[in-house]
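Per-entry structural report
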Amino acid sequence: MNAMIKELDKEELHQVSGGVYEDTPHCPKCQSRDLVLVGPVDFGTPPCYRCKSCDYEWMMAL
């Protein structure tokens, strides 16, 4: 079987993910982009965000 694997561009990723794929950070819980950076930001540690809409906090993966 000779299957071609195509790499998706940003627009195609946006479509297949239901509009969730973006370059800008967004809340994984409610998808809001109204975020605040919390905690100390040091080199080598991932940034921590808090959503202003639902108060969910998470650490962004590097």
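For the structure given in this document, a descriptive report is provided here. Everything numeric here is computed off the predicted structure, so don't read it as measured data. (Residues numbered from 1 in each chain as written. Predicted model: local features only at pLDDT ≥ 70, side-chain atom pairs only at ≥ 80, totals over all residues. Heavy atoms only, no water.)

1. Quick notes on the overall build of the protein
What counts is decided by this rule: Numbering of helices and strands runs from the N terminus, with a helix taken as a DSSP run of H or I at least four residues long and a strand as a DSSP run of E at least two residues long. Burial status follows relative accessibility: with a 1.4 Å probe on protein chains alone, a residue under 20% of its type maximum counts as buried, one over 50% as exposed, and anything between as partly exposed. Every residue pair with non-hydrogen atoms within 4.5 Å of one another is taken to be in contact.
Across its full length, the protein carries 1 helix and 3 strands. Counting from the amino terminus, helix and strand elements in the protein follow one another as α-β-β-β. For the protein, the proportion of its 62 residues judged to be buried stands at 13%. The long-range fraction of contacts in the protein, counting pairs at least 24 apart against all pairs at least 6 apart in sequence, stands at 17%.

2. Focus: the pairing of strand β2 (residues 48-51)
Note the following rule: For two strands to be treated as a pair, DSSP must find at least two bridges joining them.
With burial as the criterion, only one face of β2 is covered, namely that bearing Y49 and C51; the residues C48 and R50 on the opposite face remain uncovered. With 4 bridges connecting them, strand β1 (residues 35-38) and β2 associate as antiparallel partners. Its bridge partner lying in β2, L37 is registered against Y49.

3. Some points on the nonpolar core
Heads up, the rule is: Residues grouped as a nonpolar core are buried Ala, Val, Leu, Ile, Met, Phe, Trp, Tyr and Cys residues, joined through side-chain atoms within 4.5 Å.
In this structure, C27, L35, Y49, C51 and W58 together form the largest nonpolar core, which totals 5 residues. Leaving out residues up to four positions away in the same chain, W58 has contacts with H26, C27, P28, L35, P47, C48, Y49, R50 and C51.

4. Focus: the packing of aromatic side chains
Going by this rule: Between 30 and 60 degrees the pair is tilted, below 30 it is stacked and above 60 it is edge-to-face, where a pair is any two Phe, Tyr or Trp rings, Trp via its six-membered ring, whose centres lie within 6.5 Å.
This model, assessed by the stated rule, comprises 2 aromatic pairs. On the numbers, 5.8 Å between centres and 20 degrees between planes, the contact of Y56 with W58 is stacked. Of the residues examined, Y56 reaches a relative accessible area of 34% and is grouped as partly exposed. Through successive ring pairs, a cluster of aromatic residues spans Y49, Y56 and W58.

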